[in-house]
Structures are given as structure tokens and as C-alpha cells.
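For reference, the chains in residue letters:
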There are 2 protein chains.
Amino acid sequence: MLTYSFAEKGSEPLYLYLYRCIKNDIIQGNLKPGERLPSKRAFSKNLGISVITIENAYEQLLSEGYIYSQPKRGYFVSDIKANAIIGKVSITEENVVLSSDKKRYLCDFTSNQTEANLFPFSVWSRLMREELSKDHERLMENPPSGGVLELRFAIAKHLKEFRNMTVSPEQIIIGAGTEYLIGILIQLLGFDKTYAVEDPGYGKVSRIYDSHHTKCIFLPVKDKGIEEGALEKNNVDILHISPSHHYPLGVLMPISKRYEILSWAAGADDRYVIEDEYDSELRLNGKPIPTMYSIDVMNKVIYMNTFTKTLSSTIRISYMVLPEKLLKKYYENLFFYACTVSNFEQYTLARFINEGYFEKHINRMRNYYRKKREHLIEIINGSSIRKKVNIIEEEAGLHFLIEVKSKKSEKQIIADAMENSIRLRALSEFYRDKSLAKEKVFLINYSSASEEELEKAVEVLGNIL
Amino acid sequence: MLTYSFAEKGSEPLYLYLYRCIKNDIIQGNLKPGERLPSKRAFSKNLGISVITIENAYEQLLSEGYIYSQPKRGYFVSDIKANAIIGKVSITEENVVLSSDKKRYLCDFTSNQTEANLFPFSVWSRLMREELSKDHERLMENPPSGGVLELRFAIAKHLKEFRNMTVSPEQIIIGAGTEYLIGILIQLLGFDKTYAVEDPGYGKVSRIYDSHHTKCIFLPVKDKGIEEGALEKNNVDILHISPSHHYPLGVLMPISKRYEILSWAAGADDRYVIEDEYDSELRLNGKPIPTMYSIDVMNKVIYMNTFTKTLSSTIRISYMVLPEKLLKKYYENLFFYACTVSNFEQYTLARFINEGYFEKHINRMRNYYRKKREHLIEIINGSSIRKKVNIIEEEAGLHFLIEVKSKKSEKQIIADAMENSIRLRALSEFYRDKSLAKEKVFLINYSSASEEELEKAVEVLGNIL
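Since the structure is predicted, the reported quantities are computational estimates derived from the model, not experimental observations.

Enquirer: Can you tell me about the sheet that holds strand 10 (residues 301-306) of chain A, naming the residues and giving the values?
Expert: Residues and elements named next belong to chain A. With mixed pairing, the 8 strands of this open sheet are ordered in space as 4-11-10-9-8-5-6-7. Pairing within the sheet leaves two strands with one partner each, and these edge strands are strand 4 (172-175) and strand 7 (225-226). Here strand 10 runs beside strand 11 (residues 318-321); their pairing, made up of 4 bridges, is antiparallel. Paired with M304 across the two strands is M320, which belongs to strand 11. Sheet strands in contact with helix 10 (residues 255-266) are strand 6 (215-222), strand 7, strand 8 (238-241), strand 9 (272-277) and strand 10, and its direction is about 140 degrees off that of strand 9.

Below is the structure:
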């Protein structure tokens, strides 16, 4: 039977405490929809508390819709995910979902979440606590639009040390995620501009441009970069790329292409390059190729990076580095926007970087994922699928591609994998122009799976192919 | 002489620790630009550490630009706010500012920050710590686009209890500030729509619409609301208002006006009302007038509210409640956006609300500010300016208006106040159409000033008027 300890109850009434315990179990899914709750009498005996207390707790849950009662049968857990429970509004569209789309897979090769236990919880928690106990005035004071001074200094220093980039803290604009910053960039650069992204690419980026009703075109990636002349031909104003680690191809744009693009950008006043380094810190081989920002002398590159990859996708801190000309425009037109990241987290992150924890954390992540990657490749090479797949490594980040030799169609392979609780995504899904896509190439994003899960997944894939 | 304790040094090298201490003092302004640092020998003697250690610390500060050296004179603190210090980029435009525009005034009647010491730091810190030590998987898991489930449940419950609003958690979309959510709303409702705001009003709102290149018109507020017929006449699609506490007039829109607006909204499919309750929890008299959301039966009202007022403007958590039809569209078109608030703060806030701390906090704030308001009015009534000012109270929030009888011009009064370190803002500044504005009415926002400061400020104002 359901059992709760009252050791941590504190001073609140017993029935409220019990109500909260049950509610939490319902929200967290420990009590399943339709599950019967203990009868009041049995529950009272089990917990050693009065029937009235149980009754009050049930009453509260009932009034809020967490449970429902059936005459003479008892109390049952409501399906809170499927139904609107507070009040009478009933929204039943399938696409209106409260929960994130976490289904538990044996192995999800599409997820780019990193493993939860890699996050340095205890250090972060300590720094946060210390910050919260320090200078209260400072914590409560509105920071400048670009973010708190300390964090921008820390990032400038990090960029110098890690990417040899010479950046002034003023140029750094901190925001709650890269997606938000792209919205700000559109306001800064203009809704009337022609934006271009790479094909294939990270789907979200073009969706954001579309969602802002700006013109966004797709330029095919060939030979590790977009084709010469494509920018002029398509009258592109702003080019959004990830030259240091293309997603999902993993290619590194060669220096000659970079200069070609910078030369295009220098050709007109309104042209800019958005250099989106979504995971540069986690590339596993440190081939030191300079950022486009560092080789640009014409103030044409907007550099973007994020802590959502290196720390956690659930900490929403990204930043961009604006070239001087745009910076002036930003402060003239957009300084009124309040910074979207809370001061508490900004100050905590500043200390996390300044005191060396960020560097340690990155090194730890890189070592961990390098080993994991090597292990996965070993598993594949030692398994029955060895002859059926060709691993396309390119520049090593948290994913690679495999090309599969199989009589089954791409769709069939994905469906068969899903049948076995393995989530796969084909490279072709990342292409706008499907005719460019190689068939039967799949993305293997191994960042969220455990080694055990990877072993099982490879075995299952062997049976499928 | 500069002195630091090495008690908290930990395991890092002494010179690095010293470097950090000095750097922090420079960033925080304890060491002023141009200030001379102690000579290495004197400093070494004073701290009881070797000259080499001091030298290494100074070298580090020098290389990062925090200090500069003058031959034979020694080391001096750089002006880090005025100059780009990391690297060679030099941005000297006056409007490119690193620091927030906090100037220390004797009294700043334009600031809407609340007093720092009212924030429940110890409770928040404890809840945050507890959350960070609990379910790590959950903290690292991407929440749905609208925010984490627990917080949306908590807000739905709060809205029920506090505003008697019947809202399903699915309808609640959490975002990093109201400004961000307005950007999302524009993407949801359309860039081609005609938006309308009140004149006078909160300037930021119309700036956001302008910045998105949407048409935004200003409708004059008369008789506690916009004029009948103004919406039809101007072909407005979306009306953005604060009916429960107009800013800055403080008026409460009467129920008849509310029905009039709802009736307009019902007249066409694409019409919506954005009900922006930026400070409803802090209205000091609890006149229970229902929200427009609650009296709307046609799914025409988008309700917005924020924790930036009740908790702190530096915690960026706001939310909106979408009517059913828009909710579907949101999930179809905009669900790809990641939630912009970090999980850590979402879970902490959920517990803060669920465990009753939010309600307690609001009550405490209301009591505190009610007393402060009464005290300020007492001071005014007991002072020499009593006969020169007329207090316009309206619905009491964290500000009121005063109408001044003086031979001086409005501009002169503001300038004279500023001369005496008092920051005043005229009501006319909030008007787009200046001809509508009453002259010599000033906003008295007393939320950030201490009682002592208020007393002094009233005395000074007495001399000026």
C-alpha cells in the first residue's frame, strides 16, 4: 500500500502534507492514471493517522481534479496529462501536450541531451548559494540589456583563452538561448533581408526565420561548404552557418571557403555572416582552426555560442558577439529589452567560469565522450553489423553518421528500429531538397545513451539490418 | 593599504587568488579607475607574502587590462567601464555602455525596482538547493515549449485562488519576461495585423511592436478606457491593455468598458485582446473586479502576468494564458521553441508557489508598501509642499501621480529636481500625443526608495516648487 513518511512534514497541517505527497506522486507519474487509491480506513491504519486527515487530503485532491471518485468503488487517479484538470476547460487536441515528448526508448539516437550526471550539480549549487547570500542589492539590480558585467567579462576571457578571439565585453549580448538571440538579430538586421541557411541543416534555425516572416533560402552544402557564387546568385544578405562543425554532416569548413564567404560579405554594406558555434567546446579533436570571427577584419561576422550544450539544455544561457557597427545599432534600437537571463544564474555562471570550473567541466565532458565514442565504434566493429555499416566520422562531436547497406528501405529501417524501441533519424530528414540527400545514412547521436544501452542498441540494429 | 584575507583561499595558487581579489574589487568599483595600487614591496610586507607572488598577480591583471603601469610610478586601475579592456577592440561610442544606468540618486521616483531586502533570499536559496540535490534526470530533461509541468500547475492553481480564473495548465506558456512573450505573440497572431496600445502607456510595449515592424497605433485613454468606436475606426486587430491597473494613470477600467471591448473583439475572427496584468498582485486595495479573461466567453482574451514585479525584475519569469484556438495554433507553429526559463528556476518557483511562500510574500509586500505609501502621503501632507501638490491616487499600486501648482515649467521642475539628485518623470512623457497630456503631473514611484530617502526628497521638492 501507498506509504509516506511524515518525518519531513515540518509545521504544516498533516492533511496538507499528505495531499502534497500524493499530488507529487501523481504529477511525477508514480501513481498512474486510473490507479485506485487506498480506502480511507485502510490508509488511515497503514499510516497511523486519523480517517478525517485522509478524508481532508482526498477532498483537496478531488477539488483540484487530481483524483476522481466512483460511488461505492473509491478514489482513482485522474489522467492529468490527457485532460485539463484545473477548472472546466477541456482541450483534447492531440498536439496540445503538457509533457515533453520524452518517451522512454531503449536508445534514442536523435536526442542531443547530455547525460544528467555529468552536470556539476554540487559546485553549481554551492556557487548559487554563495551568490544568493552575498550582495543582495546587486542581485536585485536590473543589469544592462546585454547582461551582467561580470559574466560578459568572464565570457570574453574564455573566448580569448579557448578560441583566441579578441572580444570586448561590450560586444557580448547574453540571452535566454540561441533561438531568442536569432529573434533579436532579425530585429537588428532587418525583416526585409534575405537570410540563407545550409542544406542540410539544423531545422530550428530556418523555422525561426520563417516564423518571423523573413525570406529564408537554403543553400546546398557541397565540398564542406556552400557553392561559390550561390550567395551572389541568390541575393543573400545574411548567411547563417556553423563552419566549425556542420550539423548534421559534422564537416569543418576549410579556410579557403571561409575567406570566400568573408570576401562575399565585404562586397556590400548590409551583408553579414552569423557564425553559429553550437558545440565548438565539445568537438573531440582539437584541430585549431580559427573562427571566422577572428579572421574577419571587416566587422562582418556575428559570433554565436551557447552554454546549453556544454552545461545543460535546461539552463538557457547563450550569447552573441556583435561587430562594432551592429553594436552601435543594437544600443540605439534594442537596448530597451531587458536581459532574458536571471541575475542569479548569470552571476553563478560568471563565477563558474572565472574560478576555472567551466574549463574543468569541458575537459571532463570531452574525455568522457571521447571514450564513449571510441567504445561505441569498438562495439560496432566487433558486432554483426560491422560489414553492413560504414561509419562517417568527420570532425568528431557528440554524433556521427552511419551509412547502411541493406535491402530494406530507409523508412523500413526506421520503423523496424522504432518497433524495437530505438529511435533513429535519417540524414535525409535534415535536407530541404531531398534530391541532394544520400539514402540510408543515419544520425548516431550517442550523447544521452548509456554504454549499456548502446551495446543493446547495436545488437538490435544488427538483427534489423 | 589594500588588505585581503587568505582564509578562504582554498587550493588555488596564492597569486591567482590575489589576482581574483583585486580583479573583483576593480569590477565592483571598490578600486576606482586611476587609483594607484600598492607598490609590490609594500604590498608584500603588508600581506606577509612574497614579492614574486604580488608580481605574478599584477602581471596577470596587466595582461588582461584590469590595470596599467606607468614607468617609475607604479600600477594603476584601468577604467574598465569606459574602455574595452580585453583585447584591442576599442569602442568609445557614448551609448555603448557596459554598466546599467544606475546612477545613485538621493531618490529615484522613476524606478520601478522593489527593495532588494524584500526578496525572500533564504527561502529561495533553500528551495533552489533542495531542488538541485533532488531529481537530476528531471532537471536536465528538456521541458515542453510552454514550461515545466509543475510550474504550470502551480500557476493555474494560483490564478484560481487569487483571480478566480479557470485556466488549464496547457494554456499557460512560460517565458523569460513579458517582452519575450510579446515577440512570441506577434509570431502567433501575425506580423500583418494592426496592434493598438493605450496612450498614455508603458513605452516598452509599443517599442516591441515597432521593433517587429508591425503596425502599432495609439488610442487615447479617456474616462478610464479607450473611446468607444476607436477600435472599429482604426481597423484594430489586436488590443493590448492593462485594464486592472493602467500604467501610469493607475485607473481601473470599469466593467462596462470591458464588455464594450469584448463585444468589439467578438466581431471578427482575428481580433484579440491582450490583457497585461503587470502588477495585479501588488494592487494595494483588493477591489475584486474580475479579469477580462474571466468574463470572456468567446476565447478572445490572452492573459499575461509576470513574476518580475512580485519577486524581482532580475528573475525573468513571466507567463501568458492562451485561449483554446490560439493554443492549437501555438502548438502547431511555435512548439519548436525551447522554453526560455531555466529548469532550476522553474522548479524552484513551482515549489515556492505550491508551499505557500508566494502568497505569504505577496501579503508581506502589500503590507509593506501600503504602510510606505501611507507614510509618504503623511509626509507630503505634513510638509511645506502640501498646498502645492494634489495627490492623484486612483487604484493604489506601487506608484501614484502628483499634480503640481508652480510657476516653474515642467521641464524646469525636472531639471531642478535632478540638480538636487532627485529623478522625476512627467506624465506627459508617457503620451505619444502630447496634446492629451495634463501639464505638471509627475509620477511618484516609491517602490525603490527607503522611507528616509522619501522624507528628504519631499523636503527638497518643497524647496524647489
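Enquirer: Now, about the sheet that holds strand 12 (residues 389-392) of chain A: what can you tell me, with residues and values included?
Expert: Residues and elements named next belong to chain A. Taken together, 4 strands build an open sheet; the order of strands is 12-13-16-15 and the sheet is antiparallel. In the strand order of this sheet, the two ends are held by strand 12 and strand 15 (425-426), each with one partner. Inspection of the sheet shows strand 12 paired to strand 13 (residues 399-404) by 4 bridges, in the antiparallel sense. Residue pairing across strands places N390 opposite E403, the latter belonging to strand 13. Most of the contacts of helix 14 (residues 357-381) go to strand 13, to which it runs at about 15 degrees, and overall it touches strand 12, strand 13 and strand 16 (441-445). Sitting on the sheet, helix 15 (residues 410-419) is in contact with strand 13, strand 15 and strand 16, with an inclination near 35 degrees to strand 16.

Enquirer: Hey, could you go over the side chain of S313 of chain B for me, with residue numbers and the actual values?
Expert: Within the secondary structure, S313 of chain B is located in the loop between strand 10 (301-306) and strand 11 (318-321). Taking the relative accessible area as the measure of exposure, S313 of chain B reaches 17% and is therefore buried. Side-chain polar atoms of S313 of chain B contact the side chain of N142 of chain A, separated by 2.4 Å. Setting aside anything within four residues of it in sequence, one finds S313 of chain B in contact with M140 and N142 of chain A together with Q113 and T308 of chain B.

Enquirer: Explain helix 7 (residues 178-189) of chain A to me, and be specific about the residues and the numbers.
Expert: Residue and element names in this part refer to chain A. Here helix 7 spans 16 Å end to end across 12 residues, near enough to the 16 Å set by a 1.5 Å rise per residue. Of all the residues in helix 7, the buried ones are T178, E179, Y180, L181, I182, G183, I184, L185, I186, Q187, L188 and L189. Backbone geometry just downstream of helix 7 places G190 in the positive-phi region, at approximately 125 degrees.

The rules we used
Residues numbered from 1 in each chain as written. Chains lettered and ligands numbered in written order. Predicted model: local features only at pLDDT ≥ 70, side-chain atom pairs only at ≥ 80, totals over all residues. Heavy atoms only, no water. Pairing = 2+ DSSP bridges. Helix = DSSP H or I, 4+ residues; strand = E, 2+ residues; numbered from the N terminus. Contact = heavy atoms within 4.5 Å. Axes fitted to C-alpha atoms, helices over the stretch in contact; angles between N-to-C directions. Buried < 20%, exposed > 50% of the residue type's maximum accessible area, 1.4 Å probe, protein only. Polar contact = N/O pair within 3.5 Å; in protein donor to acceptor, adjacent residues only side chain to side chain. Expected span 1.5 Å × (residues − 1).

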